[in-house]
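Per-entry structural report
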Amino acid sequence: MKRKDILNILFWIFLIISIILLVWYIFGNSPTELAITMTFLLTLLLKMWAISDNLNEFKHEVKLSFHQVKQDTDNMNQKINIHDNKINKSKNK
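Residues numbered from 1 in each chain as written. Predicted model: local features only at pLDDT ≥ 70, side-chain atom pairs only at ≥ 80, totals over all residues. Heavy atoms only, no water.

Structural notes on helix H1 (residues 3-27)
Spanning 25 residues, H1 covers 36 Å between terminal C-alpha atoms, matching the ideal 36 Å at 1.5 Å per step. Restricting attention to buried positions, one finds in H1 the residues Leu-7, Phe-11, Ser-18 and Leu-21. On its buried side, H1 packs onto helix H2 (33-92). (Helix = DSSP H or I, 4+ residues; strand = E, 2+ residues; numbered from the N terminus. Expected span 1.5 Å × (residues − 1). Buried < 20%, exposed > 50% of the residue type's maximum accessible area, 1.4 Å probe, protein only. Contact = heavy atoms within 4.5 Å.)

Take a look at the structure:
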């Protein structure tokens, strides 16, 4: 299981716990406000961590894509130069 999947599972678990604590606080005999705040902050932190990992993965994929495009354009330029040389040789004759 990837870290991204684990973070998403933990996010949903902590979100459910946070909502339960909030409802519990509303109806009384509840945990402290600090406990509720901490679970919401931990939930937010987990989601931000997952988004950060996704962003880093996206950056890596974009970097590879641009590298592949550069290689393709270099190959096309080489082929164009070869054809230009053939055309110039045939004109010179």
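Now, onward.
A look at the packing of aromatic side chains
Considering all chains together, one arrives at one aromatic pair under this definition. Seen from their ring centres, Phe-11 and Trp-12 are 5.2 Å apart, and the 70° between their planes marks the pair as edge-to-face. Note on Phe-11: relative accessible area 11%, which makes it buried. We note Lys-47 situated over the ring of Phe-11; from NZ or CZ to the ring centre the distance is 4.9 Å. (Phe/Tyr/Trp six-rings, centres within 6.5 Å; stacked < 30°, edge-to-face > 60°. Lys NZ or Arg CZ within 6 Å of the ring centre and 35° of its normal.)

Here's the deal with the packing of H1 against H2
Two elements in contact, H1 and H2, have axes separated by 9 Å at closest approach and are oriented at 155°. As far as their axial angle goes, H2 and H1 are roughly antiparallel. Considering how the two elements wind past one another, H1 and H2 form a crossing that is left-handed. Across the contact of H1 with H2, the residue classes tally to 15 nonpolar, five polar and six charged. (Axes fitted to C-alpha atoms, helices over the stretch in contact; angles between N-to-C directions. Parallel < 35°, antiparallel > 145°, perpendicular 65-115°, else oblique. Left-handed = near helix turned anticlockwise from the far one by under 90°. Nonpolar A, V, L, I, M, F, W, Y, C, P; charged D, E, K, R; others polar.)

Some details on the environment of Met-1
Position of Met-1 among the secondary structure elements: in the segment before H1. Through-space distance from the C-alpha of Met-1 to that of Ser-65 is 26 Å; in sequence the pair is 64 residues apart. If sequence neighbours within four positions are ignored, Met-1 has contacts with Ile-6 and Ile-9.

What about the side chain of Thr-43?
You can see Thr-43 is positioned in helix H2. Residue Thr-43 is classed as buried on the basis of its relative accessible area, which comes to 4%. Within the structure, the side chain of Thr-43 is placed 2.7 Å from the backbone oxygen of Thr-39, a separation counted as a polar contact. Not counting residues up to four positions away in its chain, the partners in contact with Thr-43 are Phe-11, Phe-14, Leu-15 and Ser-18. (Polar contact = N/O pair within 3.5 Å; in protein donor to acceptor, adjacent residues only side chain to side chain.)

Brief notes about a nonpolar patch on the surface
Judged by side-chain polarity, Ile-19, Leu-22, Val-23, Tyr-25, Ile-26, Phe-27 and Phe-40 come together as a nonpolar surface patch covering roughly 680 Å² of accessible area. At six residues, H1 tops the list of elements feeding residues into the nonpolar patch. Within the fold, Ile-19 resides in helix H1. Its relative accessible area of 44% is what places Ile-19 among the partly exposed residues. (Patch = residues over 30% accessible without salt bridge, like charges linked within 9 Å, V, L, I, M, F, W, Y side chains within 5 Å. Areas by Shrake-Rupley, 256 points an atom, 1.4 Å probe, with all protein chains shown as cover. Salt bridge = Lys/Arg side-chain N within 4 Å of Asp/Glu carboxyl O.)

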